[in-house]
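So you can see what is in the structure, the chains are spelled out below.
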Amino acid sequence: MDNRTRNQPAYGNVPQPIRDDGAGATDFGPRDVMRDLENPDMLVPPATDAGTIPNLKFSFSDTNMQLNHGGWSREVTVRQLPVATTLAGVNMRLTPGGVRELHWHKQAEWAFMILGRARITAIDQNGRNFIADVGKGDLWYFPPGIPHSIQGLEEGCEFLLVFDDGNFSDLDTFSISDWFAHTPKDVLAANFGVPESAFAHIPTKQRYIFQSKVPGSLESQKIPDPYGTVPKNFTHRLLAQEPIVTPGGTVRIVDSTNFPISTTVAAALVEVKPGGMREMHWHPNNDEWQYYLTGTARMTVFAANGKARTFNFRAGDVGYVPFAFGHYIQNTGDQSLWFLEIFKSDRFADVSLNQWMALTPRELVESNLHVGPELMNALRKEKWPVVKYAGIRQQVEKHLNS
């Protein structure tokens, strides 16, 4: 996949939509040149791209920021990325002491800690409580209806929240302050057995995120619970998990088999080293929602019946692959590419094109594709989620040098 001409400026530093074979023409504007520089494979698609595939990319940088004293949030839902019907994502930052207030959702909440540390609290329907500190690379999962809170510790924190419904919005949650504000004070007094004066200073609207002081040690905040603690841990240390290691990178898979509470969200944390590629594959269980953490990437999605489309990604972008669509992801940079693959499922599942061919009768594959020993002898019966070959590195170097 030669990107030399596709990414080569034709006039100064302005890329032009002209392919190696001469297809296309100059574009003198009006245009957004910065966008074109970030999306070279959309400006000049590979000749193998064809047909009508919907947009499968959206950046958190293009979303509306909700700014509060105590932090901020922004979201990518079906309203921003219409194809993403199964999952929605929220990127949130909390200052030291900043609080995402006591609340609950109709949807399950799965979270990945990007940086810093946070304290989370929750109780389940049987009154069993949970208080824990989480750091970079840790996960949490709260089933639907489970009330919880999040608070930044000394260094603050940033995290990704994923909800198992593409129509979700974090601004449409059940918040404790919102309920208090919309309940008559005499009802509150009757419920808690205290005078109405006890509610003289309650908030008049939802607080959502607010600034507070950094909490004390975890031990100082533990509350003895007569019902005990939750039977299934709400947190998981994903980055500390032993990865699958291949020549092209690493993969850490988390689902209900090693994080039992997470029954509706499965994920993989993927590292693709320079010159590496997340191999050609597809998922037989559900759509894939992606979040790019570091680096730059190129993804081509195959949708059957002669349809394929290529997208470029960088840190902060969301990608999406509809159910069973074939795809691969190349690292187009000179540093490791890290991204999350996330699914609305209790199990992670993928099918490797390489492994499928290796475990199919040789003569059948040869006659189907008109290929010979050079390819057939290179096939692997073992799955390598991330591959790295000299040919891939050469393509990436052309991309970097163009």
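Criteria and thresholds
Residues numbered from 1 in each chain as written. Predicted model: local features only at pLDDT ≥ 70, side-chain atom pairs only at ≥ 80, totals over all residues. Heavy atoms only, no water. Helix = DSSP H or I, 4+ residues; strand = E, 2+ residues; numbered from the N terminus. Buried < 20%, exposed > 50% of the residue type's maximum accessible area, 1.4 Å probe, protein only. Contact = heavy atoms within 4.5 Å. Areas by Shrake-Rupley, 256 points an atom, 1.4 Å probe, with all protein chains shown as cover. Lys, Arg positive; Asp, Glu negative; His and termini not counted. Charge placed at Lys NZ, Arg CZ, Asp CG, Glu CD. Polar contact = N/O pair within 3.5 Å; in protein donor to acceptor, adjacent residues only side chain to side chain.

K.L.:
Got a minute to help me understand the overall build of the chain in this structure?
P.N.:
Along its length, the chain carries nine helices and 26 strands. Across its three principal directions, the C-alpha atoms of the chain cover 80 × 55 × 35 Å. A burial count over the chain gives 49% of its 402 residues as buried. Contacts in the chain between residues at least 24 apart in sequence constitute 75% of all its contacts with a sequence separation of at least 6. Of the roughly 18800 Å² that the chain leaves accessible, carbon and sulfur atoms contribute 55%. Side-chain charges in the chain split into 38 positive and 44 negative, and the spacing between the mean points of these groups amounts to 2 Å.

K.L.:
I keep staring at the side chain of His148 and nothing clicks. Help me out?
P.N.:
Along the polypeptide, His148 turns up in strand β11 (residues 148-163). A distance of 3.0 Å separates the side chain of His148 from the side chain of Glu109, its partner in a polar contact. A polar contact of 2.8 Å, which involves the side chain of His148, links it to the backbone oxygen of Ile146. Excluding its chain neighbours within four sequence positions, the residues that come into contact with His148 are Glu101, Leu102, His103, Trp104, His105, Glu109, Thr121, Ala122 and Phe142.

K.L.:
So what exactly am I meant to see when it comes to unusual backbone geometry here?
P.N.:
In this structure, Pro30 follows Gly29 across a cis peptide bond, with omega equal to 5°. Inspection of the secondary structure assignment puts Pro30 in the loop between β2 (14-15) and α1 (33-38). Backbone geometry places Tyr208, a non-glycine residue, at a positive phi of 65°. Under the relative-accessibility criterion, Tyr208 is labelled buried at 5%.

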